[in-house]
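Each chain, letter by letter, is given below.
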Amino acid sequence: MFSFSQTLRIPALLRNTSSLRKDVFRCPRFSLVSERSFVGTYKKESEKEYTEFKGEQYFKDDYTNVTPTILGKIGENLHNVPSHPLCLLKERIHACLEGFTHYDSFSPVVKVRDNFDRLLIEPDHPGRSKSDSFFFNRQHMLRTHTTTHELDVYEHRNIDKFTITADVYRRDEIDSSHYPVFHQMECVHLLDRSEIAKNAAHATHHPSKTPAGLVVSDPTSELSKLSESNPIQSEHSIEEVEIVAYQLKATLNHILYQLFAESAGSGDSTLEIRWIEAFFPFTSPSWEVEIFYQGAWLEVLGCGILKQKILDQAGWFLLKGSCN
């Protein structure tokens, strides 16, 4: 079983669009957590033994660092507000992905195990620290990426082509391109070996057509030259990975061209894209993609082939075949 997965970093897409920044980064605030709660006697929120959110009580421990201000951001759901730039962007991407199921309402409260351990994120990864993420306690936190919800889809929904759009939370220093709340979109397509063979035959007879205005630089195209830190997984053959990577890159090149060709600042419908090797704990090989946007290279997404171990643990080797 193969999965190629990509995560669009939506604030990055808007980084140089000053007219949109106010909507994205300066959201109206409301509070879902009262300053005082009656428990026998009034207690300040900081004095309570638990954090209450949407009817659930999360008992505090030495990891608790989520604040009423951050909790007050939850529920904005700007990606679902009609005519908001984030919603419009989401809908444009959906229009490029025929046959995909779209999810955009997962709860932001997740288990620490699902956010990190089950995605093979290392024990010493900086994202696990209280300085980088928001924790209710050692067991529950606010999601730091949309990838955590892939597990729910694999285990409970039996869907092999889907997107996930959501707000995510990290303890970033606020500047022109960083805020503790931002948005991501996850796109996933699961393939078994019969589908890969079918796609290979189709690509042979119907090669992907590159738009005339799209200029792609891809020094990563020769898989045999990938670095040791970004290998092809042992469960997959190089021929299979070549086919999946071809489909992944063609899909993303098409989406990026549709989104940016007329706004990249070139004066016409030309867009320059470059592919770069990357490392993510849950994919291998992995890549990042940059576009030449308004005079500078701008990173817009990371992607790769999901690690087989994650799929096996979720039971997809039973449902759809295995590369073992």
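The name given to the protein in an unreviewed UniProt entry is Phenylalanyl-tRNA synthetase alpha subunit, mitochondrial, with the source organism recorded as Entomophthora muscae.

Visitor: Would you mind going over the environment of Gln-233 in detail, with residue names and values included?
Guide: Locating Gln-233 in the fold gives a position in the loop between strand 11 (214-217) and helix 8 (238-260). Owing to a relative accessible area of 10%, Gln-233 belongs among the buried residues under this scheme. Along the sequence, Gln-233 and Lys-309 sit 76 residues apart, while their C-alpha atoms lie 10.0 Å from each other. Ignoring sequence-local partners within four residues, the contact set of Gln-233 consists of Ser-284, Ile-305, Leu-306, Lys-307 and Gln-308. Side-chain polar atoms of Gln-233 contact the backbone oxygen of Ile-305, separated by 3.3 Å.

Visitor: Now, about the confidence of the model for the protein: what can you tell me, with residues and values included?
Guide: If pLDDT is low for a region, its predicted coordinates should not be looked at in detail. Scored by pLDDT, the protein has a mean of 83; 80% of the residues are at 70 or more. Long-range and interchain partners of residues 9-42, a stretch whose pLDDT sits below 50, account for 72 contacts in this model, where long-range means more than four residues apart. For the stretch residues 318-324, pLDDT sits under 50, and the model shows 20 contacts to residues farther than four places along the chain or on other chains.

Visitor: Outline the pairing of strand 9 (residues 161-169), listing residues and values.
Guide: The buried fraction of strand 9 amounts to eight of the nine residues, a majority that puts the element mostly inside the structure. Two elements, strand 9 and strand 10 (residues 181-191), share nine bridges in a ladder whose sense is antiparallel. Among the inter-strand pairings, Lys-161 is bridged to a residue of strand 10, identified as His-189.

Visitor: I'd like a rundown of unusual backbone geometry, residues and numbers included.
Guide: Between Ser-284 and Pro-285 the backbone carries a cis peptide bond, its omega angle lying at 0 degrees. For Pro-285, the location among the structural elements is in strand 13 (residues 283-293). The phi angle at Lys-54 is positive, at roughly 50 degrees, despite the residue not being glycine. Assignment of secondary structure puts Lys-54 in the loop between strand 4 (50-53) and strand 5 (56-59). Exposure remark for Lys-54: the relative accessible area of 64% places this residue in the exposed category. Even without a glycine there, the phi angle at Gln-294 is positive, about 50 degrees. Tracing the backbone through its elements, the reader meets Gln-294 in the loop between strand 13 and strand 14 (296-306). On the basis of relative accessibility, which here comes to 44%, the residue Gln-294 falls in the partly exposed class.

Basis of the calculations
- Residues numbered from 1 in each chain as written.
- Predicted model: local features only at pLDDT ≥ 70, side-chain atom pairs only at ≥ 80, totals over all residues.
- Heavy atoms only, no water.
- Helix = DSSP H or I, 4+ residues; strand = E, 2+ residues; numbered from the N terminus.
- Buried < 20%, exposed > 50% of the residue type's maximum accessible area, 1.4 Å probe, protein only.
- Contact = heavy atoms within 4.5 Å.
- Polar contact = N/O pair within 3.5 Å; in protein donor to acceptor, adjacent residues only side chain to side chain.
- pLDDT = per-residue confidence, 0-100.
- Pairing = 2+ DSSP bridges.

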